[in-house]
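# Inside the fold
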Amino acid sequence: MTVTKKFIIDFDSTFTKVEALDILGEISLKDDPEKAKKLQAIKDITDQGMEGKLTFRESLVQRLNILDANKDQISELIASLKRKVSDSFQRNKEFLKENAADIFIISNGFKDFVVPIVTEYGIRPENVFANEFVYADSGKIAGFNEENPLSKNNGKPETIRKLNLEGDIYVIGDGYTDYEIKASGVANKFYAFTENVHRPSVSSKADHIAPSLDEILYVNKMNKKFSYPKSRINVLLLENVHPIGIELMKEEGYNVEVISSALSEEELAEKIKKVSVLGIRSKTQVTSKVLENANRLIAIGAFCIGTNQIDLETCQEKGIAVFNAPFSNTRSVVELAIAEIIFLMRRLVDKTSSMHQGIWDKSASGSFEIRGKKLGIIGYGNIGSQLSVLAENMGLDVYYYDVVERLALGNATKADSLDELLSTCDVITLHVDGRKSNEMLIDKEKLALMKKGSYLINLSRGHVVDVPALRDALESGHLAGASIDVFPSEPKNNSEPFVSELIGMPNTILTPHIGGSTLEAQQNIARFVPGKIIEYINTGNTYNSVNFPNIQLPFLQDAHRLIHIHLNEPGIMARINKVLADYEINIVGQYLKTNEKIGYVITDIDKAYSSKVIDELKAINGTIRFRVLY
């Protein structure tokens, strides 16, 4: 016989994101000159009560005295609380309605505002137990029903005892009074609910810490809304990802760990074992050795443009989608390139260095306007082409070279070869990607082809330029200057020393890989990359993935979505549909796209299905990964 599970749920900071009396204080004290002081006092009293440092009745009396509220303000409070229901309760409204007979709200709050909120989620009014306001004839809140057990210490255990509930009793709450239910022996388990507030003194006493209602339903095998709770998605963010990206992941309900520096291959190989989503920038190397341990990894976000630091082929083989931010920092890199052209041609770095040493060197020698000079752009993608437009507007004659056929913008001239570009232009700027074929693209021979007295700028990848050969070209005076933002070997964090043969070279700008390091660029990247990962996890959408077939999917409505990632082999699609046909499952939508390595199939179905269907779909030869969205 199945044992019935009864759920006892707290209201304040559990069912809703807030403490209702705090919100009532915002309303009742809005014109009070000491509003801020009184609201803080209410919050402090609430916290002391929740942590067990103050008896509940003491806490309640003190807060009501400060509030000075009236009955007319309750409707405004209810309207506010309806907008503040906890996200995971909103997501699981279907569960609450289907299990209404076994769900009880037991709160130290007040029925006046609790009942109107929870009944909209299917919870029965007779299953709501809370305090009751007492009003004066004027409508002012004069106190509370002191005979109600919930107005007293240990009121929750007493209330539950009187209910004589049968089955296992599970308590969900954020406060000390919720723990008291378990401590009194009337409940089987206490789940410390931390979605809205985390009280360590309460969590330490819990049977299970629950970052969301999804987590509780998952561990009790009762979740119908999601196949996997978001609180079980572990996110690891490295290399100082912007706080916006961190907050977006946390707001989605993921368990987020942040490390400010890059990790070595050995460190990451160990750390990756429990990670579902990895976020990196340019220094972290996600190698095949790292990916061998990444059995839980769903997606990787490169919070930058390049992805050459990631073994994309192995990610494909393991069904790991990779997303980057190809456009988010374009403008920042372009502006730095423009600034560096001017700085180099005016020898500003040498001049400002001399000034700091007390040397006044007022001279036009070696200083030039950029107008009329020839700029050679190697790599005419997003950055190179935008640089072309801005540079032309500043009076430069623009030439470009790219291995891919690119349409010239404005009056730019396409060079027929790299050698032609190098020997023609006064300034050469590099904007190529990190593919292996670009390694040592500018070597000793290519540097020798550059015009004497010309300048080199590298804002692309460190391994693209032969650094010792560049040093020789600067020392000899063949090049008049250089600006380098990227290096073959870079410190993992800001505490490690920077070492390079270019230190001390004349008219040489050295910057610590900051081409895209502007507030605007980092904010754009921090919004874009998490957005793509969250969309992929929630809907299966792979649009903008750099290693998966790109599918832009409609929103899932009244269906189950089956996601099947497999090797690109003949017959797999037919096998998928045969399994579905064998179980008489109707397909309401299906989407397929392949690349040379893998196939990506999305199937939306409109009926309940046996777990055997999932087992058979997973067992199809060539399957890499399978997951279900509801």
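Predicted model only: the values in this text are computed from it and were never measured.

On a plain count of helices and strands, the protein comes out with 25 helices and 24 strands. Across its three principal directions, the C-alpha atoms of the protein cover 95 × 70 × 45 Å. For the protein, the share of sequence-separated contacts (at least 6 apart) that also reach a separation of at least 24 residues comes to 63%. By element, 48% of the accessible surface of the protein is carried by carbon and sulfur atoms, the whole surface being about 28,700 Å². In the protein, 74 positive and 84 negative side-chain charges are present, and the distance between their average locations comes to 1 Å.

In this section: the nonpolar core. Ranked by internal contacts, the top residues of the largest apolar core, which has 47 residues, are F11, F15, L81, I105 and F113. By residue number, the principal contributor to this core is helix α2 (residues 20–28), which donates five residues. Residues I233, V256, F303 and I551 belong to the second largest nonpolar core, which totals 30 residues.

Right, let's talk about the sheet that holds strand β9 (residues 234–237) for a bit. Spatially, the five strands line up as an open sheet ordered β10-β9-β11-β12-β13, and their pairing is parallel. The open sheet has two free edges, formed respectively by β10 (255–258) and β13 (321–323), since each of these has just one partner strand. When strand polarity is set aside, the average angle formed by the axes of neighbouring strands in this sheet is 15°. The sheet contact formed by strand β11 (residues 277–280) and strand β12 (residues 299–302) spans four bridges and is parallel. Each residue of the ladder has a partner; that of I280, found in β12, is A302. Against the sheet, helix α13 (residues 243–251) contacts β9, β10 and β11, and its axis sits at roughly 155° relative to β10.

Let's shift gears to the pattern of salt bridges. This structure, assessed with the given rule, holds 31 salt bridges. Notably, a salt bridge pairs E26 with K35, separated by 3.4 Å at the nearest N-O pair. Judged by its relative accessible area of 25%, K35 falls in the partly exposed class. Via salt bridges that share partners, E19, K43, D47, D174 and R199 belong to a single interconnected network.

To continue, consider the sheet that holds strand β18 (residues 454–458). As summarised here, the arrangement of the seven strands in space is β16-β15-β14-β17-β18-β19-β20, forming an open sheet in which the pairing is parallel. Unpaired on one side and paired on the other, β16 (413–414) and β20 (508–510) mark the two borders of the sheet. Sheet analysis places strand β14 (residues 374–378) next to strand β17 (residues 427–430), joined by four bridges and oriented parallel. Counted as the bridge partner of I377 is T429 from β17. Packing against the sheet, helix α22 (residues 467–476) makes contact with β18, β19 (479–484) and β20, and its axis sits at approximately 140° to β19.

Turning our attention to the packing of aromatic side chains. Following the criterion strictly, the structure yields 19 aromatic pairs and no others. A centroid spacing of 6.2 Å and a plane angle of 90° characterise the contact between Y536 and F548, whose relative ring orientation is edge-to-face. With a gap of 12 residues between them, Y536 in helix α23 (residues 519–539) and F548 in the loop between α23 and β21 (560–567) connect regions that are remote in the sequence. One exposure class covers both Y536 and F548, and it is buried.

When two helices pack together, their arrangement is captured by the angle between the axes and the distance separating the axes. Interhelical geometry of α2 versus helix α5 (residues 72–82) gives an angle of 125° and a closest axis separation of 10 Å. Compared by their axis directions, α2 and α5 come out oblique. Between α2 and α5 lies a crossing whose hand is right-handed. Judged by residue contacts, A20, I23, L24, I27 and S28 of α2 engage Q73, I74, E76, L77, S80 and L81 from α5. Grouping the amino acids of the contact of α2 with α5 by side-chain chemistry returns seven nonpolar, three polar and one charged.

Attention now goes to the side chain of T314. Looking at where T314 falls in the secondary structure, it is placed in helix α16 (residues 312–317). A relative accessible area of 15% places T314 in the buried class. In this structure, T314 is in contact with S288 and L291, ignoring residues within four places of it in sequence.

Here the focus is empty space enclosed by the protein. This structure, assessed with the given rule, holds two cavities of 30 Å³ or more. Considered as a void within the structure, the largest cavity measures approximately 180 Å³ in volume. Taken together, 18 residues line the largest cavity, and the ones lying closest to its centre are E19, M50, F56, R63 and N108. Among the residues making up the lining of the largest cavity, the classes are represented as five nonpolar, seven polar and six charged. Put simply, the parts of the chain that give the lining of the second largest cavity at least two residues each are β21, α24 (572–582) and β23 (598–605). Across the lining of the second largest cavity, the residue classes tally to six nonpolar, two polar and no charged.

Turning our eyes to something else, we now look at the environment of H566. Relative to the elements of secondary structure, H566 occurs in strand β21. By relative accessible area, which is 4% here, H566 ends up buried. Remark: the alpha-carbon pair of H566 and K318, spanning 248 residues in sequence, is separated by 9.5 Å. Other than its neighbours up to four places away in sequence, H566 contacts I572, K597, I598, G599, Y600, V601, G622, T623 and I624. One polar contact links H566 to H564, side chain to side chain, over a distance of 3.1 Å.

Cut-offs used in this document
Residues numbered from 1 in each chain as written. Predicted model: local features only at pLDDT ≥ 70, side-chain atom pairs only at ≥ 80, totals over all residues. Heavy atoms only, no water. Helix = DSSP H or I, 4+ residues; strand = E, 2+ residues; numbered from the N terminus. Contact = heavy atoms within 4.5 Å. Areas by Shrake-Rupley, 256 points an atom, 1.4 Å probe, with all protein chains shown as cover. Lys, Arg positive; Asp, Glu negative; His and termini not counted. Charge placed at Lys NZ, Arg CZ, Asp CG, Glu CD. Core = buried A, V, L, I, M, F, W, Y, C linked by side-chain atoms within 4.5 Å. Buried < 20%, exposed > 50% of the residue type's maximum accessible area, 1.4 Å probe, protein only. Pairing = 2+ DSSP bridges. Axes fitted to C-alpha atoms, helices over the stretch in contact; angles between N-to-C directions. Salt bridge = Lys/Arg side-chain N within 4 Å of Asp/Glu carboxyl O. Phe/Tyr/Trp six-rings, centres within 6.5 Å; stacked < 30°, edge-to-face > 60°. Parallel < 35°, antiparallel > 145°, perpendicular 65-115°, else oblique. Left-handed = near helix turned anticlockwise from the far one by under 90°. Nonpolar A, V, L, I, M, F, W, Y, C, P; charged D, E, K, R; others polar. 1 Å grid on protein atoms, 1.4 Å probe; cavity = no way out; pocket = protein on both sides within 12 Å on 5 of 7 lines; lining within 4 Å. Points joined across faces, edges and corners; volume = space filled by probe spheres on them. Polar contact = N/O pair within 3.5 Å; in protein donor to acceptor, adjacent residues only side chain to side chain.

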